[in-house]
Amino acid sequence: MSNLNLKPGECLRVRGEVAPDAKSFVLNLGKDSDNLCLHFNPRFNMHGDANTIVCNSKDGGAWGTEQRESAFPFQPGSVMEVCISFDKADLTITLPDGYSFKFPNRLNLEAVNYLSANGDFKIKCVAFE
C-alpha cells in the first residue's frame, strides 16, 4: 500500500492471520521499499532465530543494525493485531499481549506512506487511529 500519510502520533493497526505452519512474516513501513523506517520481522523459526522479533531499517536500499526483541506473543494459526505509532525519535510497536517496545526513527520520517506485508501472514484489516 502507498499514500498512507500516517502522521506522528497516529496509530496504524494491522490485523491478520498467521499461517498454521508459519516460519516468519514481515511488515514494512516507510517512504517506499528502499526507505523503511521499520522492517518488523517476527521469526517463528527462520535464519537461526526462534520465537524472536527482528526489527531493522533500510535507508536508500542499505540495511541498518538489527534490533531483537525476546517478547513473542504470536502463535501459528492465530489472528494477531499489532499497533505501530511513531514520532520524530521513535516508532512504538504494541504487540497483542499489550507489551510495547520502541525502535528508533532512523530515517526521521515525518509521515509514513508505504506499508507492505509478506511471508506467512495475511492482512485482514488495516485501521488508523
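Residues numbered from 1 in each chain as written. Predicted model: local features only at pLDDT ≥ 70, side-chain atom pairs only at ≥ 80, totals over all residues. Heavy atoms only, no water.

> Where do I start with the overall build of the protein chain in this structure?
Tallying secondary structure elements over the protein chain gives zero helices and 11 strands in all. The order of α-helices and β-strands along the protein chain, N terminus first, is β-β-β-β-β-β-β-β-β-β-β. Taken over C-alpha atoms, the radius of gyration comes to 13 Å for the protein chain, in line with the 14 Å a tight globule of 129 residues would show. Looking at the protein chain residue by residue over its 129 residues, the buried ones come to 45%. Pairs at least 24 apart in sequence give 59% of the contacts found in the protein chain among residues at least 6 apart. For the protein chain, the exposed area adds up to about 6,300 Å²; of that, 45% sits on carbon and sulfur atoms. (Helix = DSSP H or I, 4+ residues; strand = E, 2+ residues; numbered from the N terminus. Rg over C-alpha atoms; globule rule 2.2 N^0.38 Å. Buried < 20%, exposed > 50% of the residue type's maximum accessible area, 1.4 Å probe, protein only. Contact = heavy atoms within 4.5 Å. Areas by Shrake-Rupley, 256 points an atom, 1.4 Å probe, with all protein chains shown as cover.)

> Sorry, what's going on with the environment of lysine 7 here?
Note that lysine 7 resides in the segment before β1 (11-18). Taking the C-alpha atoms as reference, lysine 7 lies 33 Å from asparagine 45; in sequence the two are 38 residues apart. Once residues within four sequence positions are removed from consideration, lysine 7 is found in contact with Phe86, Glu110 and Ala111. A distance of 3.1 Å separates a polar atom in the side chain of lysine 7 from a polar atom in the side chain of asparagine 5. (Polar contact = N/O pair within 3.5 Å; in protein donor to acceptor, adjacent residues only side chain to side chain.)

> Any chance you could explain the UniProt feature "domain: Galectin" (unreviewed entry) in the protein chain here in plain terms?
On the UniProt side, "domain: Galectin" (unreviewed entry) is annotated at positions that read residues 1-129 here. The distance from the first to the last C-alpha atom of residues 1-129 is 17 Å, and the span holds 0% helix and 59% strand. (UniProt positions renumbered as here; feature names shortened; annotations may be inferred.)

> Looking at this structure, I do not really get the pairing of strand β3 (residues 35-46). What am I missing?
Here β3 lies mainly inside the structure; 10 of its 12 residues are buried. In the sheet, strand β2 (residues 25-32) pairs with β3 via five bridges, with the strands oriented antiparallel. Residue pairing across strands places aspartate 32 opposite asparagine 35, the latter belonging to β3. Counting the residues between successive antiparallel strands, the hairpin from β2 to β3 contains two residues. Of the strand pairs in this sheet, β3 and strand β4 (residues 49-59) are connected by eight bridges, and their pairing is antiparallel. Bridging across to β4, methionine 46 finds its partner in aspartate 49. Linkage of β3 to β4, two consecutive antiparallel strands, is achieved through a turn of two residues, within which histidine 47 is found at a positive phi near 55°. (Pairing = 2+ DSSP bridges.)

> Where do I start with the packing of aromatic side chains in this structure?
The relative placement of two aromatic rings is captured by the distance of their centres and the angle of their planes. In total, this model carries seven aromatic pairs according to the counting rule given. Relative to phenylalanine 44, the ring of phenylalanine 25 lies with its centre 6.5 Å away and its plane at 40°, an arrangement referred to as tilted. Here phenylalanine 25 is found in strand β2, whereas its partner phenylalanine 44 is found in strand β3, with 19 residues between them in sequence. Like phenylalanine 44, phenylalanine 25 is buried. With 5.7 Å between their ring centres and 80° between their planes, phenylalanine 25 and phenylalanine 74 make a pair best called edge-to-face. Here the residue phenylalanine 25 occupies a position in strand β2, and phenylalanine 74 occupies one in the loop between β6 (67-69) and β7 (79-86), the gap between them amounting to 49 residues. Grouped by ring-pair contacts, the aromatic residues Phe25, Phe40, Phe44, Phe72, Phe74 and Phe121 constitute a single cluster. (Phe/Tyr/Trp six-rings, centres within 6.5 Å; stacked < 30°, edge-to-face > 60°.)

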